[in-house]
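Coordinates in review
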Amino acid sequence: MNTPGKGAEPVICSGNRSFPMAIIVLITDAFPYGSVTENSFISPEVEALSNAFDRVIIAPIRKIREELDVKSLPANVELSNSLLIKPSLIRKFDGLKRYLKPVLYDLKHSDSSFREVVAYSSYVGICLKNICRLIREEKLDLENTLFYTFWFNFTTAALSLIKGAKVITRTHGYDLYEDRYFISPWWRKRSLDMLAGCYTVSGAGRKYLLQRYPYYSDKIFLSKLGTPAHEGRNPDNDVDADGSSSAPARELSLLGVARVSPEKGVKEQFELIREYARNNRDKRIRYVHIGDGILMDQLRAMATEVPENLSVELKGALHNSEVHEIMRTTHFDSMILLSHSEGGCPIAICEALSYGIPCIATSVGGITEMLNHGGGVLLNPDPDFDSFSDAIKLIEGEPTLYRERAYQTWECRYKAEDLRLRFAKEIRSLID
């Protein structure tokens, strides 16, 4: 099969062969530099990788904050700043002359702007230089090193130019669906040519890639993320987290955890909750939403116009530990996620299930496979008020049953310790 990426010339980078041990280089977006959501994805992975590999190097490509987002890392885990992209370099389009052919191909085969196409290849050039510097500085032996990009983007493409590199990637949502953000057709095929494995986090994501790239079916695998075990379950409606009786409980408590952006359907979700409150004026309802995004101002404005029986708490962006504390200590009847599009299995749903909180969610992407075992109620991708109202009534009618099903779904299918250790052992075999 002739692919457009075949013509790119590889760059040979070799280091001093001084580490005859199994090494993995985990390339992240910002973790562990102040990443709000990436922490919940990656922290369990680091723990599993540290058990499977002799040496783990975490290499983020940017800093959100100077302080680290973790209290400590395992003893054999190191942090490298070699791949950090300085803002001034982003605008220089370093190395673009070498990648004129990919730019011309992408302009012809995508609807994206010239700026997006040029920027993507320029990032490839910048990352390539930085990765070669990392190999030299860390004296990496490519025979014993596995490169692992946590996102299937330009960092994966840059590694495709390094002869002899063993590379795998995960892919989630924004880096999976090619109609959501610009993903270079040239570099995606080039990357798939050289990857040892491309791991989707949902069956729906794997199906999407297989349909678009059937030639690479032997490289596209499913590896779910899940969420780690923790102490405690979500308290019952009439009991506090410490086991004591509480004051008369709210009749209905709903939780939302999602980025406040168009594809997550948070505005439509709020509209349905508000309408439900208007149609049930005799019932007190509490809605807590965690997350921030480009539509946050609109959501705040909507929250000022609600019926008296509906209280709204917009928490904004919280650290993952704070999200866990809220789920552990505050009763919720359901978590709501009426997303329009999902590439993977949302960590927010995994976390809710792990606390025994049933979920009401749209049947899109990986959500369908998460809730079809009884851990909640699935709705159509564009739910109407009646179906939303019926879902709430179902869970309210049998709360104990749904809460137990939610927990069992997590324990049997989305327990991170089991999933991540299995994944780490599998990718370690690529070096062995």
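Cut-offs applied
- Residues numbered from 1 in each chain as written.
- Predicted model: local features only at pLDDT ≥ 70, side-chain atom pairs only at ≥ 80, totals over all residues.
- Heavy atoms only, no water.
- Helix = DSSP H or I, 4+ residues; strand = E, 2+ residues; numbered from the N terminus.
- Buried < 20%, exposed > 50% of the residue type's maximum accessible area, 1.4 Å probe, protein only.
- Contact = heavy atoms within 4.5 Å.
- Areas by Shrake-Rupley, 256 points an atom, 1.4 Å probe, with all protein chains shown as cover.
- pLDDT = per-residue confidence, 0-100.
- Salt bridge = Lys/Arg side-chain N within 4 Å of Asp/Glu carboxyl O.
- Expected span 1.5 Å × (residues − 1).
- Arc of directions from axis to C-beta.
- Axes fitted to C-alpha atoms, helices over the stretch in contact; angles between N-to-C directions.
- Nonpolar A, V, L, I, M, F, W, Y, C, P; charged D, E, K, R; others polar.
- Pairing = 2+ DSSP bridges.
- Right-handed = clockwise from strand over helix to strand, strands pointing away.

Across its full length, the protein holds 15 helices and 13 strands. With 432 residues in all, the protein has 56% of them scored as buried. Considering only contacts within the protein whose residues lie at least 6 apart along the sequence, 73% involve residues at least 24 apart. Counting every atom, the protein has about 18900 Å² of accessible surface; 49% of that belongs to carbon and sulfur.

The next subject is the confidence of the model for the protein. Here the protein shows a mean pLDDT of 88. Residues at 70 or above account for 89%. Per-element confidence in the protein ranges from a low mean pLDDT of 56 for helix H2 (residues 87-90) to a high of 98 for strand S4 (residues 145-149). This model gives residues 1-7 a pLDDT under 50, and the stretch forms twelve contacts once residues within four places in sequence are excluded. Counted against residues more than four places away or in other chains, residues 239-249, with its pLDDT under 50, gives 15 contacts.

Using the criterion set out here, one finds 21 salt bridges in the structure. Between Glu78 and Arg55 there is a salt bridge, and its shortest N-O distance comes to 2.6 Å. One end of the pair, Glu78, is in strand S3 (residues 77-79); the other, Arg55, is in strand S2 (residues 55-60), and 23 residues separate them in sequence. A relative accessible area of 7% means that Arg55 is categorised as buried.

An ideal rise of 1.5 Å per residue puts 18 Å on 13 residues; helix H15 (residues 416-428) measures up with 18 Å between its terminal C-alpha atoms. Looking at H15, one finds that the buried residues are Ala416, Leu419, Arg420, Phe423, Ala424 and Ile427. For H15, the angular spread of the buried residues around the axis is 125°, confining them to a single face. Of the residues in H15, the exposed ones pointing more than 90 degrees away from the buried face are Arg422 and Lys425. In this structure, the buried residues of H15 make contact with strand S1 (23-28), helix H1 (38-52), S4, strand S5 (166-171), strand S6 (197-200) and helix H14 (399-413).

Remark: helix H3 (residues 100-109) packs on helix H6 (residues 185-194), axes separated minimally by 7 Å, with the N-to-C direction vectors making an angle of 115°. Two secondary-structure elements touch here, H3 through Lys101, Pro102, Tyr105, Asp106 and His109 and H6 through Pro185, Trp186, Trp187 and Lys189. Grouping the constituent residues of the contact of H3 with H6 by class yields five nonpolar, one polar and three charged.

On to helix H4 (residues 114-137). Compared with the 34 Å implied by 1.5 Å per residue over 24 residues, the 35 Å span of H4 between its first and last C-alpha is a close match. The positive-phi residue at the C-terminal boundary of H4 is Lys139, with phi of around 55°.

Next up on the list: the environment of Val103. Along the chain, Val103 turns up in helix H3. Under the relative-accessibility criterion, Val103 is labelled buried at 5%. Considering only alpha carbons, one finds Val103 and Ala119, 16 residues apart in sequence, at a separation of 9.4 Å.

In terms of residue burial, S4 counts as a mostly covered element, since five of its five residues are buried. Across the two faces of S4 the burial is the same, with Thr145, Phe147 and Thr149 and Leu146 and Tyr148 all buried. Note that S1 and S4 share five bridges and pair parallel. Note on S4: the bridge partner recorded for Leu26 is Tyr148. For S4 and S5, the ladder comprises four bridges, and the chain directions are parallel. Its bridge partner lying in S5, Tyr148 is registered against Ile168. Handedness of the crossover is the feature at issue here: the chain leaves S4, passes through helix H5 (residues 154-159), returns alongside S5, and the resulting connection is right-handed.

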